[in-house]
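# Understanding the architecture of this molecule
As a plain string of letters, each chain reads:
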Amino acid sequence: MAGAVNSSSDGSVAQNGINTIVQGWFSEMSPMWPGEAHSLKIEEIIFQGKSDYQDVIVFKSSTYGKVLVLDGVIQVTERDECAYQEMITHLPLCSIPNPRKVLVIGGGDGGVLREVARHTSVEQIDLCEIDSMVVEVSKKYFPSLAVGFEDPRVNLHIGDGVAFLKSVTEGTYDAVIVDSSDPIGPAEELFKKPFFELVARALRPGGVVCTQAESIWLHMHIIEDIVKNCRQIFKGSVNYAWTTVPTYPSGVIGFMLCSTEGPAVDFRHPVNPIDAQESQCDRPLKFYNSEIHSAAFCLPSFARKVIESSSK
Ligand code: SAM
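First things first, this report covers the structure right here in the doc. None of the values given here were measured: they were computed from a predicted structure. (Residues numbered from 1 in each chain as written. Predicted model: local features only at pLDDT ≥ 70, side-chain atom pairs only at ≥ 80, totals over all residues. Heavy atoms only, no water.)

A few words now on the site of the ligand. Close contacts around the ligand come from 23 residues, with Gln54, Glu129, Asp160, Gly161 and Tyr248 the closest. One of the side-chain N or O atoms of Gln54 is found 2.9 Å from an oxygen atom in the ligand. The separation between an oxygen atom of the ligand and a polar main-chain atom of Ser180 is 3.5 Å. With the chains in place, 99% of the 600 Å² that the ligand exposes on its own is no longer accessible. Here the residues of the shell around the ligand sort into nine nonpolar, nine polar and five charged. (Near = heavy atom within 4 Å. Polar contact = N/O pair within 3.5 Å; in protein donor to acceptor, adjacent residues only side chain to side chain. Areas by Shrake-Rupley, 256 points an atom, 1.4 Å probe, with all protein chains shown as cover. Nonpolar A, V, L, I, M, F, W, Y, C, P; charged D, E, K, R; others polar.)

What follows is the structure, given as structure tokens:
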């Protein structure tokens, strides 16, 4: 793995000139959430590296287990990752009967793979992650997530998700899950219209996509643009859902759930309840259930107003 990011003798670590680790605390500062920063107390810094794409840090926190940080932004903590991985996976896959072919863009920690693998109807899981260091670090330090890579249905592709989609045969997938970092850095293109057009092309009629779609408290301007683009591209349905993840900025994260023209998809009422399959599983779901699936689409008025009025 490449050399460490620069850290000074007092143990502080700066990324983009901003001290993110000071006196034993990690603070998540970003121009994407100006004026605020969530901090976690550090027990031990386990890994620091710099790949071709981003700075990578793993530390053991006092209260959230191990934490994966990319370019100063929290991606995963052992304590609350279940909320994000389970919701971004089961909201789409429980909304269509018998998903068979699934594509994950990003998701190099393996957590979404772990959740997709719960669906016994799935025959093929392709994952395209741009940064091999994230996969290596997850396999070494986050075995409860990287277990996803062990499923024989998984095909791992290291590369850019945009380029991968351009190589995909039209109508290949039942579902695409975009588990990307934020639109600063390598994931910038994954929030733009051409990318969504490639996703729609890769989906079968009535196929579904679920993307990481930021925070209604912080990013309504980004969400509004994404909704406008999706309404132009996805002629089935366009929906926004959200959930709570304590260590994501503002404590929430959203998801765009869209379907292509074809068999109707009612995202709000799961037709493929995974709860039933859960009884045979040795690793029960910690967060997702059919009730929280439907509730995820209930939005506060300020968000509903923007999302429902976007490009109508
Ligand atoms: N749960 C996190 C969140 O909501 O921010 C995302 C976790 S996952 C680690 C995000 C992954 O997206 C990273 O491993 C990053 O390397 C990958 N990624 C970013 N841009 C990408 C691109 N253009 N193609 C493929 N993977 C990309």
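On to the environment of Ala175. When you line up the elements, Ala175 lands in strand β11 (residues 173-179). On a C-alpha basis, the gap between Ala175 and Gly206 in space is 9.4 Å, while along the polypeptide they are 31 residues apart. Once residues lying within four places of it in the same chain are set aside, the contact partners of Ala175 are Leu93, Lys101, Val102, Leu103, Leu203 and Val208. (Helix = DSSP H or I, 4+ residues; strand = E, 2+ residues; numbered from the N terminus. Contact = heavy atoms within 4.5 Å.)

By size, the foremost hydrophobic cluster in this structure holds 42 residues, and its most contacted members are Ile105, Val176, Phe195, Phe234 and Met256. By residue number, the principal contributor to this core is helix α7 (residues 220-233), which donates seven residues. Beyond its immediate sequence surroundings of up to four residues, Met256 is in contact with Val209, Cys210, Thr211, Ala213, Ile226, Val227, Cys230, Val238, Asn239 and Tyr240. Residues Val154, Val245, Phe255 and Tyr288 belong to the second largest nonpolar core, which totals 39 residues. (Core = buried A, V, L, I, M, F, W, Y, C linked by side-chain atoms within 4.5 Å. Buried < 20%, exposed > 50% of the residue type's maximum accessible area, 1.4 Å probe, protein only.)

On to the pairing of β11. Within β11, seven of the seven residues are buried, leaving the element largely enclosed by the surrounding structure. Two elements, strand β8 (residues 101-106) and β11, share five bridges in a ladder whose sense is parallel. When the sheet's bridge partners are listed, Val104 is paired in β11 with Ile177. In terms of strand pairing, β11 meets strand β12 (residues 203-212) through five bridges, oriented parallel. In the strand pairing of β12, Ile177 is matched with Cys210. Each parallel crossover has a hand, and for β11 linked through helix α6 (residues 193-202) to β12 it is right-handed. (Pairing = 2+ DSSP bridges. Right-handed = clockwise from strand over helix to strand, strands pointing away.)

So, on to the sheet that holds strand β9 (residues 124-129). Across the sheet, seven strands lie side by side as β10-β9-β8-β11-β12-β14-β13; this open sheet has mixed pairing. Two strands lie at the open edges of the sheet, namely β10 (154-158) and β13 (237-244), each paired on one side alone. Taken pair by pair, the neighbouring strands of this sheet meet at an average axis angle of 15°, ignoring direction. Strand contacts of α6: β8, β11 and β12, with the helix running at about 140° to β12, the strand carrying the most contacts. (Axes fitted to C-alpha atoms, helices over the stretch in contact; angles between N-to-C directions.)

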